[in-house]
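Next come the chains, spelled out residue by residue.
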Amino acid sequence: MSEPGALRMRLALLGREVAKFGVVGGLGVLVNLAVFNLVRHTTELPVVRASLIATIVAIAFNYVGFRYFTYRDRDKSGRTKEMTLFLLFSLVGLVIENGILYAATYGLGWNSPLASNFFKFFGIGVATLFRFWSYRTWVFRALPAKEAVQTAESFLERAEPVAPRQARRRQPDHV
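In this text the structure is predicted, and so the values were computed from the model without any measurement.

Q: Which residues make up the packing of aromatic side chains, and what are the values?
A: How two aromatic rings sit relative to each other is set out by the distance from centre to centre and by the angle between their planes. Counting across every chain of the model gives 13 aromatic pairs. Measuring from centroid to centroid gives 5.0 Å for Phe-118 and Phe-119, while their planes differ by 85 degrees, and the two rings are edge-to-face. Of the residues examined, Phe-119 reaches a relative accessible area of 16% and is grouped as buried. Through successive ring pairs, a cluster of aromatic residues spans Phe-21, Tyr-63, Phe-66, Tyr-71, Phe-86, Phe-132 and Tyr-135. Against the face of Phe-69 rests Lys-20, its NZ or CZ located 5.6 Å from the ring centre. Its guanidinium or amino end placed over the ring of Phe-36, Lys-120 lies 5.6 Å from that ring's centre, counting from NZ or CZ.

Q: Can you lay out the pattern of salt bridges for me, pointing to particular residues and giving the numbers?
A: Here the idea is simple: oppositely charged side chains can pair when their charged atoms come close. Evaluated as defined, the whole model comprises 5 salt bridges. Arg-79 is paired through a salt bridge with Glu-82; the nearest N and O atoms lie 3.9 Å apart. Of the two residues, Arg-79 and Glu-82 are both situated in helix 3 (residues 79-107); the distance of 3 residues between them amounts to about one turn of the helix. Look at Arg-79 and you get partly exposed, because its relative accessible area is 31%.

Q: I'd like a description of the side chain of Glu-17, backed by residues and values.
A: Here Glu-17 lies in helix 1 (residues 3-42). A polar atom in the side chain of Glu-17 sits 2.9 Å from the side chain of Arg-136. With near-sequence residues (within four places) excluded, Glu-17 lies in contact with Thr-70, Tyr-71, Arg-74, Phe-132 and Arg-136.

Q: Residue-level account of the nonpolar core, with values.
A: One finds Phe-21, Phe-66, Tyr-71, Phe-86, Tyr-135, Val-139 and Phe-140 to be the most contacted residues of the largest nonpolar core, which totals 14 residues. For this core, the secondary-structure elements that each account for two or more residues are helix 1, helix 2 (47-70), helix 3 and helix 4 (113-139). The dominant element in this core, judged by the number of residues it contributes, is helix 3, at 4 residues. Counting residues in each nonpolar core, the second largest holds 10 residues, with Val-47, Ala-54, Leu-101 and Ala-104 among its members.

Q: So what's going on with the side chain of Arg-67? Which residues, and what values?
A: Position of Arg-67 among the secondary structure elements: in helix 2. We classify Arg-67 as buried; its relative accessible area is 0%. Of note is the side chain of Arg-67, whose polar atom sits 2.4 Å from the side chain of Glu-82.

Here is what the cut-offs are and how they apply
Residues numbered from 1 in each chain as written. Predicted model: local features only at pLDDT ≥ 70, side-chain atom pairs only at ≥ 80, totals over all residues. Heavy atoms only, no water. Phe/Tyr/Trp six-rings, centres within 6.5 Å; stacked < 30°, edge-to-face > 60°. Buried < 20%, exposed > 50% of the residue type's maximum accessible area, 1.4 Å probe, protein only. Lys NZ or Arg CZ within 6 Å of the ring centre and 35° of its normal. Salt bridge = Lys/Arg side-chain N within 4 Å of Asp/Glu carboxyl O. Helix = DSSP H or I, 4+ residues; strand = E, 2+ residues; numbered from the N terminus. Polar contact = N/O pair within 3.5 Å; in protein donor to acceptor, adjacent residues only side chain to side chain. Contact = heavy atoms within 4.5 Å. Core = buried A, V, L, I, M, F, W, Y, C linked by side-chain atoms within 4.5 Å.

Functional significance is not addressed by these values, which are geometric in nature.
This is the structure we're talking about:
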């Protein structure tokens, strides 16, 4: 494949990955904001604690979406390591997301429902950039090329061989 063709293919694959990540992430944002507002308006918890609960629920939702939709074709051999790294990077994202909300609420005194939702959403956006990079780089890693080729070869070996067109024609018997 030519270099421009390979680049186009890589960009197309990255575009699909970003789109799938965006679908799961977008639904995760809705879960996060819905739980945040539900907890905030039905309990007396402070805003950042309500946000922490919402973020944890969204992290659980997102793991299922990323593992079984966005990155379902990625290496699944080390689930314990995958889960550990996912939780570690999610924790960093949680700190980024809720740190922004904390700074706005307690540092700047912006504590209205509108301000809280704005900075919650803004924090989610900043943390999402970090999460995308870390999840695709460290957590849901692509299969190594050698392993991908072996997987494809084993699939082809299991398939029934198809005879070439000429071999399928009946050859006359020569004496």
